[in-house]
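The chain contents come next:
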Amino acid sequence: HPARGKALGTFLNNLAKHSQGLENSLEEPESVPSLPAYIKDLMHRVERIKPDVHNLLLPVHGKWTELSQESGCNLPHRLCHGDLHPLNIAWSGQDIAGVIDWEFAGFRESVYDMANVLGCVGIEDPQGLVGRFSLAFLRELAESGTLLPEHIHVLYNATLGLRFAWMSE
């Protein structure tokens, strides 16, 4: 549904716009690890508990590590939903009537929610990553300036990295 992709892109554009200037007004819990630290810890736990799964993840982890080292881009932080994906949206036809599940909201790298949306779409159907929903979503974010061209490679890496967190769940 490209209209839903566009609506979700508009939602993120508005969240970014209306939360500008709040970065220093909210404290982020110190207990939230960085994504690289989280993935490193997860890989160690999986190696101990499920060595066969660890072996399957090694090539993916290696590619993610390689991409992380190449990205070297400090992204601005902005208010993020933290668990944004199409199933946490109350849809009214093609429009967003509401957004639920805000318990993970906080200030994160600007591509965080985008990566989570794309990862969830791709995990449901890998072809969804190049489908009309995703393309309309990304187009809306790019045309508004919320997703800058120089951050696309970081978005790719964040999408892959956040799948590790979902796998943990």
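Residues numbered from 1 in each chain as written. Predicted model: local features only at pLDDT ≥ 70, side-chain atom pairs only at ≥ 80, totals over all residues. Heavy atoms only, no water.

*Asks:* What's the story with the packing of helix H2 (residues 35-49) against helix H6 (residues 152-168) in this structure? I'm lost.
*Replies:* The geometry of a pair of packed helices is captured by two quantities: the angle between their axes and the separation between those axes. The interhelical angle for the contact between H2 and H6, taken along N-to-C directions, is 45°, at an axis separation of 10 Å. Regarding the angle of H2 to H6, the classification is oblique. H6 is crossed by H2, and the crossing has left-handed handedness. On H6, the residues touching Leu-35, Tyr-38, Ile-39, Leu-42 and Met-43 of H2 are Gly-161, Leu-162, Phe-164, Ala-165, Met-167 and Ser-168. By residue class, the composition of the contact of H2 with H6 is nine nonpolar, two polar and no charged. (Axes fitted to C-alpha atoms, helices over the stretch in contact; angles between N-to-C directions. Helix = DSSP H or I, 4+ residues; strand = E, 2+ residues; numbered from the N terminus. Parallel < 35°, antiparallel > 145°, perpendicular 65-115°, else oblique. Left-handed = near helix turned anticlockwise from the far one by under 90°. Contact = heavy atoms within 4.5 Å. Nonpolar A, V, L, I, M, F, W, Y, C, P; charged D, E, K, R; others polar.)

*Asks:* Please explain the layout of surface pockets as it appears in this structure.
*Replies:* Any empty space left between atoms is shown by rolling a water-sized probe over those atoms. In this structure, the second largest pocket encloses a volume near 330 Å³. Lining the second largest pocket we find Leu-118, Gly-119, Gly-122, Ile-123, Leu-129, Leu-138, Ile-152, Leu-155, Tyr-156, Thr-159, Leu-160 and Arg-163. Looking at the lining of the second largest pocket, the elements with two or more residues in it are helix H4 (112-124) and H6. No other element matches the six residues that H6 contributes to the lining of the second largest pocket. In terms of residue class, the lining of the second largest pocket is built from eight nonpolar, three polar and one charged. (1 Å grid on protein atoms, 1.4 Å probe; cavity = no way out; pocket = protein on both sides within 12 Å on 5 of 7 lines; lining within 4 Å. Points joined across faces, edges and corners; volume = space filled by probe spheres on them.)

*Asks:* I tried to follow the packing of aromatic side chains on my own but got confused; where do I start?
*Replies:* The description of an aromatic ring pair uses the distance of the two centres, along with the angle that the planes make with each other. Per the counting criterion, the structure on display carries three aromatic pairs. For the ring pair Phe-133 and Phe-137, a centre distance of 6.3 Å and an interplane angle of 10° mean the geometry is stacked. Of this pair, Phe-133 and Phe-137 both sit in helix H5 (residues 132-144), separated by four residues, roughly a single helical turn. Take Phe-133 and Phe-137: they sit in the same class, and that class is buried. (Phe/Tyr/Trp six-rings, centres within 6.5 Å; stacked < 30°, edge-to-face > 60°. Buried < 20%, exposed > 50% of the residue type's maximum accessible area, 1.4 Å probe, protein only.)

*Asks:* In this structure, what is going on with the pairing of strand E3 (residues 95-99)? I would like to understand it.
*Replies:* It is a general feature of regular strands that their side chains alternate between the two faces of the sheet. Here four bridges tie strand E2 (residues 89-92) to E3, and the two strands are oriented antiparallel to one another. Residue pairing for E3: Ile-89 is matched across the bridge by Val-99. Connecting E2 to the next strand, E3, in antiparallel fashion are two residues, including Gly-93 with a positive phi near 70°. (Pairing = 2+ DSSP bridges.)

*Asks:* Could you clarify how one ought to interpret the nonpolar core in this entry?
*Replies:* One recurring pattern in soluble globular proteins: nonpolar side chains tend to sit buried together. Of all hydrophobic cores here, the largest spans 24 residues; its most connected members are Leu-8, Leu-12, Leu-84, Val-111, Met-114 and Phe-137. Where this core is concerned, the elements lending two or more residues are helix H1 (2-18), H4, H5 and H6. It is H4 that provides the largest number of residues to this core, a total of five residues. When sequence neighbours within four positions are dropped, the list of residues in contact with Val-111 reads Leu-75, Leu-147, His-151, Val-154, Leu-155 and Ala-158. If you look at the next biggest cluster of nonpolar residues, it comprises seven residues, including Ile-39, Met-43, Val-46 and Leu-57. (Core = buried A, V, L, I, M, F, W, Y, C linked by side-chain atoms within 4.5 Å.)

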